[in-house]
Amino acid sequence: MAGPVTLILGAFAFEALGFSFIDLQTGVETPWAENQIAGGWDNLQWLGPGKATASIRGVLFPEHLGGEQNLSGIAALQAAGVPMPLISLGGQAFGLFVVERLSEDQSVFSGRGVARMNKYSISLRKMPVTGLMGAAGGVVRLFT
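The present account deals with the structure reproduced in this document. As the structure is a prediction and not an experimental result, all values here were calculated from the model. (Residues numbered from 1 in each chain as written. Predicted model: local features only at pLDDT ≥ 70, side-chain atom pairs only at ≥ 80, totals over all residues. Heavy atoms only, no water.)

**A closer look at a nonpolar patch on the surface**
- Judged by side-chain polarity, Trp32, Leu44 and Trp46 come together as a nonpolar surface patch covering roughly 390 Å² of accessible area.
- In this structure, Trp46 sits in strand β5 (residues 43–46). (Patch = residues over 30% accessible without salt bridge, like charges linked within 9 Å, V, L, I, M, F, W, Y side chains within 5 Å. Areas by Shrake-Rupley, 256 points an atom, 1.4 Å probe, with all protein chains shown as cover. Salt bridge = Lys/Arg side-chain N within 4 Å of Asp/Glu carboxyl O. Helix = DSSP H or I, 4+ residues; strand = E, 2+ residues; numbered from the N terminus.)

**What to know about the nonpolar core**
- Membership of the largest hydrophobic core comes to 19 residues, with the highest contact counts inside it found for Phe14, Ile74, Leu86, Ile122 and Leu124.
- For this core, the elements supplying multiple residues, two or more each, are β1 (5–9), β2 (12–15), β6 (51–60), α2 (68–80), β7 (84–88), β8 (93–109) and β9 (115–126).
- Not counting residues within four places of it along the chain, the set of residues in contact with Leu86 comprises Leu7, Ile8, Leu9, Leu24, Ala54, Ile56, Gln92, Ala93, Phe94, Gly95, Phe97 and Leu124. (Core = buried A, V, L, I, M, F, W, Y, C linked by side-chain atoms within 4.5 Å. Buried < 20%, exposed > 50% of the residue type's maximum accessible area, 1.4 Å probe, protein only. Contact = heavy atoms within 4.5 Å.)

**Digging into the pairing of β9**
- Taken together, the eight bridges between β6 and β9 define a ladder with antiparallel strand orientation. Its bridge partner being in β9, Gly58 is matched across the sheet by Tyr120.
- One ladder, built from eleven bridges, connects β8 with β9; its direction is antiparallel. Along β9, the bridge assignment pairs Ser107 with Met117.
- Counting the residues between successive antiparallel strands, the hairpin from β8 to β9 contains five residues, one of them, Gly113, with a positive phi of roughly 85°. (Pairing = 2+ DSSP bridges.)

So this is what it looks like as structure tokens:
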């Protein structure tokens, strides 16, 4: 471990040094439908929570501090469609999230062609409990 853990995504711990991050952004969309009323103000109807998202950005210096294995592990779980819990150091549990996008921007290459700096961004979308149960039901049906 290379310092205190500040954020956890599934089994992957973001640390002060090594596999660290620069910022965490979260957001929630709550859509409203507009119903036109003759002779009056249009009514708004709340449709419920739309989607919750999170974004984690960071910079890795693999040659000195590592972190590439964690990023590769997250990419493997993204490819497998595995939801992961997102938890902050303060103990705030954001819920289960799936990785929608993982991007890397590698630069400052060594003489062997290995990137010395890797900027990354992980875009997450919250997995609703009902969606998770629906996915589990599909797996159960495969085996029955």
